[in-house]
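Breakdown of the fold
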Amino acid sequence: MKKILTASLLIIICISLISCNTVAKEGLWENATYRKDKEFGKGETTIYVEVSAGDESITFTINTDKKTVGDALKEYDLIDGEDSQYGLYLKTVNGITADFDKDQSYWAFYINGEYAMSGVDTTDISAGAKYKLEYTK
């Protein structure tokens, strides 16, 4: 009886661990490429980029040799957008599209909790900085 209870408990723990940091595939996250925390690359510098949409968020750990946040994200096809006179205008992050013309949504970029004064394509990677891309309306 103890073996059965122990095995059942282990199965429950494994299922719980697997589902940790996973976002349901619905609403804003319906077309998301990744719905749980993910690590990329083998570069010398490590950055953490939180992607937040609605009440959910995940974090990408990116090991890169790129110089800017935008280049590190582009290296793994995590962002897409349009070039403009002001730099890269982010339209899609992790497969989630913000369309200002449709519903006034856009991707806000934060560095260490502060609204960034530069875009991802012109922001140099800084060791220890925390980056966030937030779907905003």
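The rules behind the values
- Residues numbered from 1 in each chain as written.
- Predicted model: local features only at pLDDT ≥ 70, side-chain atom pairs only at ≥ 80, totals over all residues.
- Heavy atoms only, no water.
- Phe/Tyr/Trp six-rings, centres within 6.5 Å; stacked < 30°, edge-to-face > 60°.
- Lys NZ or Arg CZ within 6 Å of the ring centre and 35° of its normal.
- Core = buried A, V, L, I, M, F, W, Y, C linked by side-chain atoms within 4.5 Å.
- Buried < 20%, exposed > 50% of the residue type's maximum accessible area, 1.4 Å probe, protein only.
- Helix = DSSP H or I, 4+ residues; strand = E, 2+ residues; numbered from the N terminus.
- Contact = heavy atoms within 4.5 Å.
- Pairing = 2+ DSSP bridges.
- Salt bridge = Lys/Arg side-chain N within 4 Å of Asp/Glu carboxyl O.

Here we take up the packing of aromatic side chains. This structure, assessed with the given rule, holds seven aromatic pairs. Geometrically, the ring pair formed by Tyr34 and Phe40 is edge-to-face, given 5.3 Å between the ring centres and 80° between the ring planes. Arranged with centres 5.5 Å apart and planes meeting at 85°, the rings of Tyr110 and Tyr115 form a pair that is edge-to-face. An aromatic cluster is present here, built from Tyr34, Phe40, Phe60 and Tyr76 joined pairwise through their rings. The ring of Phe40 has Lys38 sitting right over it, with the charged end atom 5.6 Å from the ring centre.

Residues Ile62, Trp107 and Leu133 are the most contacted members of the largest nonpolar core, which totals 30 residues. Among the elements of the structure, strand 2 (45-53), strand 3 (56-64), helix 2 (69-75), strand 5 (87-93), strand 7 (106-111) and strand 9 (130-136) are those that each provide at least two residues to this core. When residues in this core are grouped by element, the largest group, four residues, is from strand 2. In contact with Leu133, not counting residues within four places along its chain, are Val49, Glu50, Val51, Ser52, Leu73, Ile79, Leu90, Val93, Trp107, Ala108, Phe109 and Val120.

Pairing is mixed in the open sheet, where six strands are placed in the order 1-3-2-9-7-8. Only two strands of the sheet have a single neighbouring strand rather than two, namely strand 1 (38-40) and strand 8 (114-115). Relative to strand 8, strand 7 is paired through two bridges, and the arrangement is antiparallel. From the neighbouring strand, Tyr110 faces strand 8, where its bridge partner is Tyr115.

Attention now moves to unusual backbone geometry. One non-glycine residue, Asn94, adopts positive backbone phi at about 55°. With a phi angle near 50°, Asn112 is a residue other than glycine that sits in the positive phi range. Along the polypeptide, Asn112 turns up in the loop between strand 7 and strand 8.

In this section: the pairing of strand 4 (residues 79-84). Pairing analysis gives six bridges linking strand 4 to strand 5, with the strands arranged antiparallel. In the strand pairing of strand 5, Ser84 is matched with Gly87. Here strand 4 hands over to strand 5 after two residues, the two strands then running antiparallel side by side.

On to the pattern of salt bridges, then. A complete count under the given rule lists two salt bridges for this structure. For Asp103, the salt bridge identified is with Lys137, shortest N-O distance 3.8 Å. Residue Asp103 is found in helix 3 (residues 100-103), and its partner Lys137 is found in the segment after strand 9; the two are separated by 34 residues along the sequence. The class of Asp103 is partly exposed, set by a relative accessible area of 24%. With a closest N to O distance of 3.8 Å, Glu134 and Lys132 form a salt bridge.

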